Amino acid sequence: MKTFDGFYKGVNFGGWLSQCDYSKDRLDNFITEADFERVSHWGIDHVRVPVDYNVIQTEDGEYIESGFKYVENAILWCKKYGLNMVLDLHKTCGFVFDDPNYVGFFDNEKLQLRFCKLWREIAERFGKYSDMLAFELLNEVTDPKFNAVWNKIAKDAIAEIRKVSPDIKILLGGYHNCAIEAIFDLDLPTDKNVVFNFHCYEPIIFTHQGAYWVNGMKSDFRISYPESADVYANEAEKIALYKTPALENFGDKELDYTFFVNSFKPVAEYCEKHDIALYCGEYGFIDLAEKQSGLRWLKDINKAFEELKIGRAIWSYKEMDFGLIDKGNKDILDEIVKFL
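Residues numbered from 1 in each chain as written. Predicted model: local features only at pLDDT ≥ 70, side-chain atom pairs only at ≥ 80, totals over all residues. Heavy atoms only, no water.

(A) Structural context of the pairing of strand S2 (residues 46-52). Here S2 lies mainly inside the structure; seven of its seven residues are buried. Alternating residues of S2 divide into His46, Arg48, Pro50 and Asp52 and Val47, Val49 and Val51, and every residue in both groups is buried. Two elements, strand S1 (residues 9-12) and S2, share three bridges in a ladder whose sense is parallel. Following the sheet pairing, valine 11 is matched in S2 by valine 47. Sheet topology note: the S2/strand S3 (residues 84-92) ladder contains seven bridges and is parallel. Bridge pairing in S3 links aspartate 52 to lysine 91. (Buried < 20%, exposed > 50% of the residue type's maximum accessible area, 1.4 Å probe, protein only. Helix = DSSP H or I, 4+ residues; strand = E, 2+ residues; numbered from the N terminus. Pairing = 2+ DSSP bridges.)

So this is what it looks like as structure tokens:
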């Protein structure tokens, strides 16, 4: 399979330029140069940096130079410490993945044009770093009903980027929050430098146990790994969680790394057929999970990534309910790093 060279093992710097209060203190201090240096010793080759549009653009569409400076600093720190970088637009005007009421982007041509112009601006500023930088168009499209229009928007945005940056890698994911099976409904790119992107938090009932933002999830709900697929599916059904085909097809067997191989392999073969690289931009387990269960989950998904040669970036370096370096992981951080 075509590989995403330079982006094989990575970590997300979530919560820095995205999903935060956007205060100067947060932007200046949540992630610093020292964090780039630290992860450069983890045996990884890249970081993924989520950026919300409002860090770099006002509501009136004016560009914010101080916001672009944070992005530039991230790129330069990556270069200094021998890392590559994915610049992920985590939120755009009119859409954010975690607010079901903020989806006007998909039926508003003006917002779609603004999105394309923003990517043209980003490309004009940073396309010169194409030897170590990749662009991710948008984080986690949600509803499948957006698929057709998202295909068109993505095509238009890629065309704008290509006017100024003909060879930079561009990541593209689909609906159900970048579910791997949604890749089958993405239009095939005519551009050899487009990479198909997915996220994997399966089974969600395990990786998001007790999560306050999941509808119907009880804060004290806990479940271990591994359990049988039926156990996970039954618990997910109780709160109407989306169940992937891979989980439904695994029957009553206890999950192991073959569950992830079965989930990834059909898409990996599809991408191989069409000469498209495949990448997992997010995976991880919530800090409420029992730590040894989390390590077993991480070891299994890592084994599947390795078997299929899929590049990936774990969510997330610090805080954000998944923080790798947080106090609760102090005793297992070395083991976590081993299975990135």
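(B) Structural context of the packing of aromatic side chains. Taken as a whole and assessed by the stated rule, the structure comprises 29 aromatic pairs. Between phenylalanine 260 and tryptophan 297, the ring centres sit 6.0 Å apart and the planes meet at 85°, which makes this aromatic pair edge-to-face. Taken together, the positions of phenylalanine 260 in helix H11 (residues 257-273) and tryptophan 297 in helix H12 (residues 291-308) put the pair 37 residues apart, joining distant regions of the chain. Here phenylalanine 260 and tryptophan 297 have matching classes, each one buried. (Phe/Tyr/Trp six-rings, centres within 6.5 Å; stacked < 30°, edge-to-face > 60°.)

(C) Up close: helix H9 (residues 229-238). Taken residue by residue, H9 has Ala229, Tyr232, Ala233 and Ala236 as its buried positions. Down the axis of H9, the smallest arc covering the buried residues is 95°, so these residues share one side. Downstream of H9 by one or two residues, alanine 240 has phi in the positive range, about 60°. (Arc of directions from axis to C-beta.)

(D) Structural detail: unusual backbone geometry. Between glutamate 202 and proline 203 the backbone carries a cis peptide bond, its omega angle lying at -15°. If you trace the backbone, proline 203 turns up in the loop between strand S7 (194-200) and helix H8 (204-207). A positive phi angle is found at methionine 320, which is not glycine, with a value near 60°. With respect to the helices and strands, the residue methionine 320 is situated in the loop between strand S9 (311-314) and helix H13 (333-338).

(E) Representation of the nonpolar core. Counting 121 residues, the largest nonpolar core has Val47, Met85, Phe115, Leu137, Trp150 and Phe264 as the members making the most contacts within it. Residue contacts for tryptophan 150: discarding those within four places in its chain leaves Phe106, Phe115, Leu137, Leu138, Val141, Leu172, Gly173 and Leu186. Grouped together as the second largest cluster of nonpolar side chains are nine residues, Val86, Val195, Ala277 and Tyr279 included. (Core = buried A, V, L, I, M, F, W, Y, C linked by side-chain atoms within 4.5 Å. Contact = heavy atoms within 4.5 Å.)

(F) Spatial organisation of the packing of H11 against H12. Running from amino to carboxyl end, H11 crosses H12 at an angle of 45°, the nearest separation of the two axes being 8 Å. Here H11 lies oblique to H12, going by the angle between them. Considering only the axes of H11 and H12, their crossing is right-handed. Note on element contacts: H12 touches H11 through Trp297, Asp300, Ile301, Lys303, Ala304, Phe305, Glu307 and Leu308, opposite Tyr257, Phe260, Val261, Phe264 and Lys265. Its residues placed into classes, the contact of H11 with H12 shows nine nonpolar, no polar and four charged. (Axes fitted to C-alpha atoms, helices over the stretch in contact; angles between N-to-C directions. Parallel < 35°, antiparallel > 145°, perpendicular 65-115°, else oblique. Left-handed = near helix turned anticlockwise from the far one by under 90°. Nonpolar A, V, L, I, M, F, W, Y, C, P; charged D, E, K, R; others polar.)

(G) Spotlight on the pairing of strand S6 (residues 169-172). With three bridges connecting them, strand S5 (residues 133-136) and S6 associate as parallel partners. Looking at S6, one finds that phenylalanine 135 is bridged to isoleucine 170. Traced from S5 through helix H6 (residues 147-162) to S6, the parallel crossover comes out right-handed. Two strands pair when backbone bridges link them, and S6 and S7 are joined in this way by three bridges, in the parallel orientation. Note that in S7 the partner of leucine 171 across the bridge is valine 195. (Right-handed = clockwise from strand over helix to strand, strands pointing away.)

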